[in-house]
Structure formats: structure tokens, C-alpha cells
Amino acid sequence: MKYAVVLLILAILLTASGCETVPENQESERAVPVEVLRVVEETRPRKSSFIGTVQPDMTVQLSFKTGGKINEIRVKKGDRVKKGDVLASLEKTDLEYAESLAKAQLEMAKAQYEKALNGATSEDIEQARLNVAKAEDVYRYAVEQFEEIERLYLQGTASKQVYDQARLERDIRESDLKLAREMEAQVLKGARHEEIKALEAQLESAQTEYNYRKSMLDNAVLISGIDGVVMEVLAEKGEITAAGYPVVVLRSDEKIVYAGVPEKELRKITPETNVIVEYEDMRAESEIIRISEVPDTLTGLYKIEVKAGGLNIPLGASVTVTFLYGEDKGIFIPITAVHRGIEDYVYIVSDGRADRRPVKIEGVDNFDVRVTGIREGEYVITSGTGRISAGNAVTVKE
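Residues numbered from 1 in each chain as written. Predicted model: local features only at pLDDT ≥ 70, side-chain atom pairs only at ≥ 80, totals over all residues. Heavy atoms only, no water.

Q: Outline the overall build of the protein chain, listing residues and values.
A: Along the protein chain, the regular secondary structure elements total six helices and 22 strands. The buried share of the protein chain, reckoned over its 398 residues, is 31%. Excluding contacts between residues fewer than 6 apart, the proportion of contacts in the protein chain whose partners are at least 24 apart in sequence is 75%. For the protein chain, the accessible surface area stands at approximately 26,200 Å², while carbon and sulfur atoms represent 50% of it. (Helix = DSSP H or I, 4+ residues; strand = E, 2+ residues; numbered from the N terminus. Buried < 20%, exposed > 50% of the residue type's maximum accessible area, 1.4 Å probe, protein only. Contact = heavy atoms within 4.5 Å. Areas by Shrake-Rupley, 256 points an atom, 1.4 Å probe, with all protein chains shown as cover.)

Q: Any chance you could break down helix α3 (residues 122-155) for me, citing the residues and the numbers?
A: In a regular helix each residue adds 1.5 Å, so 34 residues correspond to 50 Å; α3 covers 50 Å between its end C-alpha atoms and thus fits that length. Within the sequence span of α3, burial applies to Ala-128, Val-132, Ala-135, Ala-142, Val-143, Phe-146 and Ile-149. Phi turns positive, to about 90°, at Gly-156, one or two residues after α3. (Expected span 1.5 Å × (residues − 1).)

Q: Go over the sheet that holds strand β4 (residues 68-73), please, and point to the residues and values.
A: With antiparallel pairing, four strands are arranged side by side in an open sheet as β7-β6-β4-β9. Each edge of the sheet is formed by a strand with only one pairing partner; in this case those strands are β7 (221-223) and β9 (240-241). Here two bridges tie β4 to β9, and the two strands are oriented antiparallel to one another. From the neighbouring strand, Gly-68 faces β9, where its bridge partner is Thr-241. (Pairing = 2+ DSSP bridges.)

Q: Provide a residue-level description of the environment of Tyr-210, including the pertinent values.
A: In this structure, Tyr-210 sits in helix α5 (residues 193-218). As for Tyr-210 and Gln-105, which are separated by 105 residues in sequence, their C-alpha atoms are 8.3 Å apart. Leaving out residues up to four positions away in the same chain, Tyr-210 has contacts with Glu-99, Ala-102, Lys-103 and Leu-106.

Q: Pulling in residues and values, what's your account of the pattern of salt bridges?
A: Enumeration according to the criterion identifies 28 salt bridges in this entry. Note that Glu-232 is salt-bridged to Lys-77, the shortest N-O span being 3.3 Å. Taken together, the residues span a long stretch of sequence, with Glu-232 in strand β8 (residues 228-233) and Lys-77 in the loop between β4 and β5 (80-81) at a distance of 155 residues. By relative accessible area, which is 34% here, Glu-232 ends up partly exposed. On the basis of relative accessible area, Lys-77 is assigned to the exposed category, the value being 56%. For Asp-164, the salt bridge goes to Arg-167, with nearest N and O atoms at 3.7 Å. With Asp-164 and Arg-167 both in helix α4 (residues 160-189) and three residues apart, this pair spans about one turn of that helix. (Salt bridge = Lys/Arg side-chain N within 4 Å of Asp/Glu carboxyl O.)

See below:
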């Protein structure tokens, strides 16, 4: 009896269990939540951006052209100076003496050249004639003396020594007379072409020496050639400085930006390329100063110098330099939405499901890419793609 009751109970339980079983194909599909971007066609500037460094437009090391003792230093590090300001000076005593001596030598050379060029004065001619007359008198007397001694020598009353001495005196006076007559002829004729050229060369040499000495004196004062700031003072008052040794280092007020660009991008850039310089919340249009034709030996990048655009940027600061090449029109989506494979693809929401769509990347704009293969108005899945496959049901997050 008990056995029959147990069997009855088991039969009832099995029947109830069978009635609650749901077929496997009746289970509902779970949709994956995703974020999407509605595709629109837009126009964006074609550009490339690089990091640049702000530097002074010019750094100048000023030195004296001649060595000497420093008499005065008028500036210190950090001082602002204007073009034409006196920064330092040398003691001038020796330089002034050298300049004065060179000036006197120049005046002498000039006088000699002008005298040769213009011919002898009446005083010079008269003096030449007097010299000839005097030489003639002396020669005539020497001849008379020689003739008398020669007569005595032939008679045997004068010695051979006295005779030879008289003859020598006559010959000397004859040479003096000849020289005096040549000098008179030269004075009357004027200087020869060769002599004038030689005096002209001496004058040019004296002028060069004077110019040099005057330049040394003038450059005993160190003057700023730019508006700027004193970066370093490398000497002190009373020190002896050598010619060409830096005394004061200046930097200009103007600032420029140096940006390194790879060769591939350099091909797109010309001196007329538009430039944008950005620093923190500041932004300004700028222009290219120069483009290096040789890459940096360490980085391999080509240096491009760009104006700072009038922005108040501290020296040494890093800025963003953007070169603008034109405009690109098309569809831009986040680069993270693109999946890489044998071919690039994205997921599009179509009828509540993920539709895999091949795309081609045509360009890059920061964190976005310009693509073809999708149409305006479609919805590209931008987040949650790691959990879906083609054909999966999706739901768009609000």
C-alpha cells in the first residue's frame, strides 16, 4: 500500500516538472550597450603640429677690437639696454698717442706727395741754382790747385803723395758739381713718374695706418648694437682684456620659435606656409623666418625658425607650432573607432545590430581620422566595440 502511494507522488512531481520546461530556442538575446557617433561630412584644415622651443632671436657677444685695460663697466647681468648705449670702455692714453703719431705721419706723406705732384717751388729752384754755382766755384778752385801741383810735381819739387791727393780732390769736386747740376735739372723738370707712384703708395699706407689707429681709439668704447637684455658680464673694471675676448653678452628682445620637422613633413612646407603658434591659452598667427636645408646630426630633424607671433612667452618654454597646408573635406571619426586587420573596418548600427563596414583611412587630424567607406547620417560605434561581433544586437547608451 505504501509503495503504491510513493509511486503516485513521484508521477505527479515528474508531470509538474515537465510542464515548466522552456525550449532552448525560446531564450531572449541580450543586446550589448554601445556609444555611437552620427556621421557628418565636414571641412577641416589640413595641418601638422610639432613642439617648438622659444629662444631669443639674437645672442651677441661684444668685445673690444684691441686689447687693453678696462676703464669702466656700465652694466650688470639682467640690465635692459637700448641700441647705442655705452656698455664698457678701455683706458685711452696709449691709443690716443698711437692715433696722434699716425696722423702726423699721414700729414708728412701727404705733403711729400703733393710737392712731387705739383712740382718744385721758386725757392727750391733758386736753392738748386745756388748749389750748382757753389759746386762750380769749388770745382774751379780744385782744378787750379791740381794744375799748380802737377806743374811742381813734373819739376820734381812736389811729392807723388801731394800730387795724388790734389788729383783726388779735383775728381771729388767734379762729381759734386755733376750731382748739383743733376739735382738742378730734376728740380726744373719735376719728379719722375716712378717717384710719384712711390710717394702715392706711401700716402696710401700712411692713410691706412691712421684709419686703423683711429678705429682702435673709437672702438675703445663698447656700444650696444641692439635693444635687449644683458645675459652675462665676463670682465671687471681694471682687468686687462685681449682683443676679441667677449666682455658683455646680450640677447635681443625679439623671440623666435625653433621647431624640428621630419623630412616627410618638410616637403609640404614652404616659406609661404601659414603658421599658428600656441602656448597655454594663447594663440597667434605667425610666419616662417627660415627653413634649414641640413638636418640636425643628433635628431635627424630639420630646424624651422618661426616668429613668436608677438606672444608673451618665456624663453625656453615649449609651444605648439602648427603648419597649415590647406583644407580637407570628408568624414572624420575617432581613431579609436577603427579596427585594424587585413583591412580597416568600423561597426555601424543598422536595425539594432552591429554591421561591420570596411573603411579606408585618407588622413589624420590629431585623434581623428578622415575615412571613406561610410555615409553621412550613419551611426559609427565608438565605444563598447570590444564586446561585439558583426551581427550582434546592440543598444545605444543614452
